[in-house]
Amino acid sequence: MKVLVATEKPFAKIAVDGIRKEVEAVGYELALLEKYTEKQALLDAVKDANAIIIRSDIIDKEVFDAAPNLKIVVRAGAGYDNVDLEAATAHGVCVMNTPGQNSNAVAELVFGMLIMAVRNFYDGKSGTELKGKKLGIHAYGNVGRNVARIAKGIGMDIYAYDAYCPKEVMEADGIKALDSAEELYATCDIVSLHIPATPETKNSINYALVNRLPKNGILVNTARKEVINEAELIQLMDERADLKYITDIMPVANEIFAAKFPGRYFSTPKKMGAQTAEANINAGIAAARQIVGFLRDGCEKFRVNK
Ligand code: 3PG
């Protein structure tokens with residue numbers, strides 16, 4: 001069996017070593033395609049692969065068509081909006097993710113970016129503290145929970161809204177669970193986004209919603225760029241000079257945001273929330289183990305295209 005690790009944004013070497021150990025321990029072969037820049041390289045590499053480990057790499061119908069021996073794709077991470085699930089199912093390929101394995105890394109970056117934002121991007125002027133501020137967690141999944149845990153240590157007042165998580169679960173963690181996204185944005189000084197990119201959520205973070213933030217509100221995005229209605233956010237930030245937007249996923253309109261809103265906008269150059277050795281090891285090795293479990297034992301835990 002041939003397992004391909006196809007990562008345009010590579011894992012740390014220690015994670016690749018760990019993946020190799022898992023794969024070779026059961027007599028499978030590991031192939032590596034890292035930092036590729038052309039889709040053709042991916043199409044060539046998948047030709048004889050039985051399993052693929054990916055990150056945000058796009059696995060569409062063309063990739064499935066080029067991979068006749070493929071049985072499983074594991075997205076080493078949480079969001080699998082980069083995989084065409086319909087095409088996978090049509091080709092009889094199992095798709096899995098590795099939920100929770102990289103969430104602490106993403107949550108820590110939320111606070112790395114937030115502290116930078118409230119300290120005015122380290123321009124030397126007097127900023128503010130996070131302690132005592134109202135933090136809104138928009139979706140209480142694995143990353144949201146880690147954000148809440150860290151925010152407790154900082155002494156923030158924590159609120160959350162999640163359309164799918166029972167309020168009791170959030171309340172059991174000491175979080176104030178709200179009834180709607182509208183209420184969350186109207187209540188909190190800072191909102192941290194943790195919703196997946198789905199047909200329902202795409203463009204859902206719009207003018208009307210973000211405009212509910214109180215004066216000096218901050219929107220933090222470590223989720224997906226597709227959930228933001230960029231044109232409406234630009235319009236709102238034009239009208240409200242008090243708002244800040246900080247993101248780990250560079251918007252399509254990055255140049256406009258950067259030119260229009262200096263001191264109020266920040267984007268990492270490349271999505272790096274999950275880019276830690278620990279997250280790479282956790283998610284990479286979990287992916288390798290899930291592949292072995294599936295190919296050898298038929299285990300379908302974490303399958304997302306049921
Ligand atoms: C995820 O969905 O797991 C995160 O967004 C991390 O994505 P990445 O593996 O592309 O860094």
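Computed from a predicted model, the values in this text were never measured in an experiment. (Residues numbered from 1 in each chain as written. Predicted model: local features only at pLDDT ≥ 70, side-chain atom pairs only at ≥ 80, totals over all residues. Heavy atoms only, no water.)

Enumeration according to the criterion identifies 18 salt bridges in this entry. The salt bridge partner of R20 is E24, with a shortest N-O separation of 3.5 Å. Of this pair, R20 and E24 both sit in helix α1 (residues 13-25), separated by 4 residues, roughly a single helical turn. Assessed through its relative accessible area of 42%, E24 is described here as partly exposed. A salt bridge links D65 to K61, with the nearest nitrogen and oxygen atoms 2.9 Å apart. Of the two residues, D65 and K61 are both situated in helix α3 (residues 61-65); the distance of 4 residues between them amounts to about one turn of the helix. D65 gets classed as partly exposed once you look at its relative accessible area, which sits at 43%. For K61, a relative accessible area of 49% corresponds to the partly exposed category. Overlapping salt bridges, with partners in common, bring together K39, D60 and E62 in one network. (Salt bridge = Lys/Arg side-chain N within 4 Å of Asp/Glu carboxyl O. Helix = DSSP H or I, 4+ residues; strand = E, 2+ residues; numbered from the N terminus. Buried < 20%, exposed > 50% of the residue type's maximum accessible area, 1.4 Å probe, protein only.)

The next point concerns the UniProt feature "domain: D-isomer specific 2-hydroxyacid dehydrogenase NAD-binding" (unreviewed entry) in the chain. As annotated in UniProt, the feature "domain: D-isomer specific 2-hydroxyacid dehydrogenase NAD-binding" (unreviewed entry) corresponds to residues 124-250 in the numbering used here. Each end of residues 124-250 is marked by a C-alpha atom, and these two atoms are 25 Å apart; helix forms 31% of the span and strand 19%. (UniProt positions renumbered as here; feature names shortened; annotations may be inferred.)

With 21 residues, helix α12 (residues 277-297) ought to run about 30 Å at 1.5 Å a step, and its terminal C-alpha atoms sit 29 Å apart, in line with that. Two residues or fewer past α12, G298 is found with a positive phi of approximately 75 degrees. (Expected span 1.5 Å × (residues − 1).)

For the rest of this paragraph, the subject is the sheet that holds strand β2 (residues 29-34). Two modes of strand pairing occur in sheets, parallel and antiparallel, and in both the strands are linked by backbone hydrogen bonds. With respect to topology, 5 strands assemble into an open sheet ordered β2-β1-β3-β4-β5, the strand pairing being parallel. One side of each edge strand has no neighbouring strand; the edge strands of this open sheet are β2 and β5 (94-97). In this sheet, neighbouring strand axes are inclined to one another by 20 degrees on average, regardless of whether the strands run parallel or antiparallel. Pairing of strand β1 (residues 2-7) with β2, which is carried by 6 bridges, proceeds in the parallel orientation. When the bridges of β2 are listed, L4 appears paired with A31. (Pairing = 2+ DSSP bridges. Axes fitted to C-alpha atoms, helices over the stretch in contact; angles between N-to-C directions.)

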